[in-house]
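# Summary of structural features
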Amino acid sequence: MKKLSLICVLFVILMLGACGDSRVHSQAVYMLVDTSGTYAQEIGKATKIINYLLATLNPGDSLAVAKVETRSFTEKDIVAKVTFDKRPSQATLQKRAFKSKIEEFSKEIKGTAFTDITGGLLQGAEYLNETKAGTKTIVIFSDMQEELGKGTIRDFPIKLDGIRIVALNVTKLKTDNADPRIYLDRLARWEERARKAGATDWVMVNDLENNMESILNPR
Amino acid sequence: MIDWHSLLFWPDQVALSVLALAILVMLFLYAARRPMHGVIHSTCHLVTQSTRFLSRWLFLVAENMRLRNQSVLLSHSQENAATVIEREFERVGNIIRKDMHEFPALQRKLTEEVTRIEEDYRKCGEVPPPPPEWVDAIESVSNLKSGGDVPRKLLEDIGKSIQKIHDKIVSEYRRAYEDRHKILKGMQPSWRSVDKAISEMDKKMLTLQGNAKQIDGHMAKFEGMRAKDAKTENALTSSAFVQLAISALVMVIAMGGAFINYKLIALPMSEMVGASDYIGDNLKTSDVAALVIILMEASMGLFLLESLRITQLFPKIASMDDRMRHRLMLASLIFLIILAAIESSLALMRDMLISDKASLMRDLASVAPAAEDGWFTRIPMAGQMIMGFVLPFALAFVAIPLESTVHSLRTVIGVLLVQTLRGAAFLIRFIGVLFKRIAKVLELVYDIPIVIPVMIEGWVVASRSRPPEIAPATPERPAKKGSAS
């Protein structure tokens, strides 16, 4: 009987010990929220996206939300970040805390003069690479109109190896309405830049009501 | 692309070239006729012989397998029958030990009672003898011729005395009868109890007789197995098929139960081993852990039934001494109860996790929280907990159909293998026969394109083998009429 119990215990230990690397199956999402100019008014939509991400991400996944400001290549712009616990109950608690942080952020939001998307991308890539998640996604909630301040240098090749880029709610500017080629060129330029940087995918989602599933990679 | 014109002798004259080519081919084929016939014949013969050999070997293997299956089947069935007979004898022994050991005492008692009743009955039936002396005295007195009133007085005195004595005797007699009736009345309950005991004994004797008949039936089967007769073997084989079908059905039902069990504990197990851990590419650790728990429950159930000697999959457990076996039984039962309790608590946790997640989803969707619906919202939770506790015990009984499946599957697979081997042997033998016949067909097919040279050869051979013809004698011409003259 002792032998039998020992065998059972050893079997369970072996089975549990043979666990694979959970990070390969996990997802990490870095969401950039444009807070420049009039786009800051879109924060309500951004909150909905964040709530969707919170509802969809699983225990073990990572999520970070950062704002795009005049210069965004800084940890200070990260509003909230979390790697969910492996236990579902703890993960639920963390999601609640994250939600309240985002609510606070949406109340205190202030529009900025410039939009440093490249800096945000660089910061996001750095964060995602640190998580060592299996699937890494940068969600850009912006009109994709980059406006850099004086002294901000971003015209150099960036590295986004193994990262999906999802552009959300890319609204048309007044100039875009006058000449749609500007809008299309802007998007094409960003896509080309992202692919050159090594991004695995470039997805654009403007229909937030019906196409939210495209934000995350299906597992 | 092959340029067909290059094959022609005279490209300008296609028909002539084709004819020349055909004649050449025909000549070549005719020249190669004997070796080709030889090749066809040898090849087909080789295939026929090989298939025949293979077929024989397969039949032999099938027969050996059948004998082995028969031996295993009969030995296993003998073992089972012996166990059943042993149980029947045990039952009979118990009946005899429990009920029949009082039989001699009861019989003795019954005999005594019956003897006493008989004696009493005999006594009750006795009539007091008339006093003969008085009759003689009366007769003598009545014969007296003289004496006047003396004889009458004497007779009256005697009559009075007789009457007195008679009354006394009759009253004593009646008292004696009363006493006997009292005795008989007192014996009535004991007689009834004796009657009841006898009828019970009769019933038990009938049960015993039934058991004896069953033992006779089992013994007849056992003898059939010992004699290895085909009828018994067929009956056992078909019984194995039926057993397999029944146990497979029960196993499927049990698997359904195990699936529900798995669903109950897979989610809460992620709380213990983590929801994001994987074994391999797609297998969640929490799912595997839930499966392990279920398998452990089934194993504990198996050990429990083994130690109770309900199943006999492990001879080592069956051969354990009783004390050790009881310990194993106790340990298995305790483990099973612990696992059932764990599962019940996991079921509770599942409910909590689901409601927690639902609440979070409501928060994220900015929907008002659901109103508390009262006690009946707790029913699913209670149901889950009860199921979590009960299902492991239900799962424990899977050991019985499992044992049945294991034993019958061996027979069924054996029979199917034998049939497959026989089928394959037949097919191969058939192919061999086909090749034997096909040799002649191929030879004839080969001869079709060279039919002209073959015919010429036939004529030549025929003409050569024909014996030299004797020139027919020229019939003498009949002399012309008139010439002789």
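Everything quoted here is computed from the prediction, not taken from an experiment.

The rules behind each value
Note that residues are indexed from 1 along each chain, following the sequence as it is written. Lettering of chains starts at A and numbering of ligands starts at 1, both following the order in which they are written. Reporting in this predicted model follows two pLDDT cut-offs: at least 70 for local features of residues, and 80 or more for side-chain atom pairs to be given and counted; totals over whole chains, interfaces and linings ignore these cut-offs and use all residues. Each side-chain value is derived from all of the structure's non-hydrogen atoms; neither hydrogens nor water enter the calculation. In DSSP terms, a helix is any run of H or I states spanning at least four residues, a strand is any run of E spanning at least two, and both are numbered starting from the N terminus. Two residues form a contact once any of their heavy atoms are found within 4.5 Å. The Shrake-Rupley method, run with a 1.4 Å probe sphere, supplies the accessible areas, and residue values consider only the shown protein chains as cover. To qualify as a nonpolar core, a set must consist of buried Ala, Val, Leu, Ile, Met, Phe, Trp, Tyr and Cys residues joined through side-chain atoms within 4.5 Å. To sort residues, take the accessible area from a 1.4 Å probe on protein chains only and compare it with the maximum for the residue type: under 20% means buried, over 50% means exposed, and anything in between is partly exposed. Residues with no salt bridge and a relative accessible area higher than 30% make up the patches, which join like charges within 9 Å and nonpolar side chains (Val, Leu, Ile, Met, Phe, Trp, Tyr) within 5 Å. Each salt bridge in this description consists of a side-chain nitrogen of Lys or Arg and a carboxyl oxygen of Asp or Glu lying within 4 Å of one another. Residues scored as charged are limited to Lys and Arg (positive) and Asp and Glu (negative), so that His and the chain ends carry no count. The atom standing in for a charge is NZ when the residue is Lys, CZ when it is Arg, CG when it is Asp and CD when it is Glu. Pairing between strands is defined by DSSP: at least two bridges between them are needed. Axes here mean lines fitted to C-alpha atoms, for a helix over just the part in contact, with angles spanning 0 to 180 degrees between N-to-C directions. Only Phe, Tyr and Trp rings are paired, with Trp represented by its six-membered ring, and only when their centres lie within 6.5 Å; those with planes under 30 degrees apart are stacked, over 60 edge-to-face, the remainder tilted. We count a charge as sitting over a ring when the NZ of a lysine or the CZ of an arginine lies within 6 Å of the ring centre and within 35 degrees of the ring normal. Expected helix span is computed as 1.5 Å times (number of residues minus one). When the strands point away from the viewer, a crossover counts as right-handed if the route from the first strand across the helix to the second turns clockwise.

## Some thoughts on the overall build of chain A
Looking only at helices and strands, chain A features 6 helices and 6 strands. Mapped in sequence order, the helices and strands of chain A form the string α-β-α-β-β-α-α-β-β-α-α-β. Excluding contacts between residues fewer than 6 apart, the proportion of contacts in chain A whose partners are at least 24 apart in sequence is 79%. Here chain A has roughly 11,100 Å² of accessible surface; of this, 55% comes from carbon and sulfur atoms.

## Quick notes on the nonpolar core
Residue and element names in this part refer to chain A. Judged by nonpolar contacts, the single largest core of 32 residues is most densely connected at Met31, Ile49, Leu53, Leu63, Phe98, Phe141 and Leu168. A total of 6 residues in this core trace back to one element, the largest contributor, which is helix α2 (residues 43-56). With residues up to four places along the chain from it excluded, the contact list for Phe141 reads Met31, Leu32, Val33, Asp34, Tyr39, Glu42, Lys45, Ala46, Ile49, Leu168, Asn169 and Leu208. In terms of nonpolar packing, the next biggest core, distinct from the first, is built from 30 residues, Ala66, Ile138, Ile158 and Ala197 among them.

## Observations regarding a positive patch on the surface
Residue and element names in this part refer to chain B. On the surface, Arg52, Arg56, Arg429, Lys436 and Arg437 cluster together into a positively charged patch. Contributions of two or more residues to the positive patch are made by α2 (33-100) and α11 (399-447). Among the elements that take part in the positive patch, α11 stands out by supplying 3 residues, more than any other. Residue placement: Lys436 occurs in helix α11. Judged by relative accessible area, Lys436 falls into the exposed class, the value being 55%.

## Description of the sheet that holds strand β4 (residues 135-141) of chain A
Residues and elements named next belong to chain A. As summarised here, the arrangement of the 6 strands in space is β3-β2-β1-β4-β5-β6, forming an open sheet in which the pairing is mixed. Each edge of the open sheet is held by one strand with a lone partner, namely β3 (78-83) and β6 (201-205). Here the average twist between neighbouring strands, direction ignored, is 15 degrees. In this structure, strand β1 (residues 27-34) lies alongside strand β2 (residues 62-68), joined through 7 bridges in parallel fashion. In the strand pairing of β2, Val29 is matched with Leu63. Contacts from helix α4 (residues 117-131) reach β1, β2, β3, β4 and β5 (163-168), with the element oriented near 160 degrees to β1.

## Considerations on the environment of Pro59 of chain A
Residues and elements named next belong to chain A. Residue placement: Pro59 occurs in the loop between α2 and β2. Take Pro59: its relative accessible area is 15%, and that puts it in the buried class. The spatial distance from the C-alpha of Pro59 to the C-alpha of Ala91 is 5.7 Å, given a sequence separation of 32 residues.

## Some points on the pattern of salt bridges
Applying the stated criterion across every chain, the model contains 17 salt bridges over all chains. Arg87 of chain A is the partner of Asp85 of chain A in a salt bridge, and the nearest nitrogen-oxygen pair spans 3.1 Å. Given a relative accessible area of 25%, Asp85 of chain A falls into the partly exposed group. Between Asp356 of chain B and Arg96 of chain A there is a salt bridge, and its shortest N-O distance comes to 3.4 Å. On the criterion of chain membership, the pair formed by Asp356 of chain B in helix α9 (residues 322-364) and Arg96 of chain A in helix α3 (residues 88-108) is interchain, its members lying in two chains. Its relative accessible area of 23% is what places Asp356 of chain B among the partly exposed residues. In the salt-bridge network here, residues are joined through shared partners; they are Arg96 of chain A together with Asp356 and Asp363 of chain B.

## Describing the pairing of β5 of chain A
All names here are of chain A. In terms of burial, β5 is largely enclosed, as 6 of its 6 residues are buried. Neither face of β5 is exposed, since Ile163, Ile165 and Ala167 on one face and Arg164, Val166 and Leu168 on the opposite face are all buried. Pairing between β4 and β5: 6 bridges, direction parallel. For Lys136, the partnering residue across the bridge sits in β5 and is Ile163. In terms of strand pairing, β5 meets β6 through 5 bridges, oriented parallel. Residue pairing in the sheet places Arg164 in a bridge with Asp201 of β6.

## Side note on the packing of aromatic side chains
Scanning the model with the defined rule gives 4 aromatic pairs over all chains in all. Aromatic side chains Phe303 of chain B and Phe314 of chain B sit 5.8 Å apart centroid to centroid with 40 degrees between the ring planes, which places their arrangement in the tilted category. Separated by 11 residues along the polypeptide, Phe303 of chain B in helix α7 (residues 285-307) and Phe314 of chain B in the loop between α7 and α8 (315-318) bring together distant segments of the chain. Of note, Lys95 of chain A hangs over the ring of Phe84 of chain A, and the distance from its end group to the ring centre comes to 5.3 Å.

## Observations regarding α9 of chain B
The terminal C-alpha atoms of α9 of chain B, which comprises 43 residues, lie 62 Å apart, in line with the 63 Å expected from a rise of 1.5 Å per residue. Downstream of α9 of chain B by one or two residues, Ser366 of chain B has phi in the positive range, about 55 degrees.

## Topic: a nonpolar patch on the surface
Residue and element names in this part refer to chain B. A cluster of nonpolar side chains, contributed by Phe9, Trp10, Leu16, Leu19, Leu21, Ile23, Leu24, Val25 and Leu27, occupies part of the molecular surface with about 810 Å² of accessible area. Within the secondary structure, Phe9 is located in the segment before α1 (14-31). Using a relative accessible area of 43% as the deciding quantity, one classes Phe9 as partly exposed.

## Looking at the pairing of β1 of chain A
Looking along a regular strand, one sees side chains alternate from face to face of the sheet. Residue and element names in this part refer to chain A. Among the 8 residues of β1, 8 are classified as buried, and the element is accordingly described as predominantly covered. Side chains of β1 alternate between two faces, with Gln27, Val29, Met31 and Val33 and Ala28, Tyr30, Leu32 and Asp34 buried alike. Across 7 bridges, the pairing between β1 and β4 is parallel. Opposite Met31, over in β4, you have Val139 as the bridge partner. Read from β1 through α2 to β2, the crossover connection turns out right-handed.

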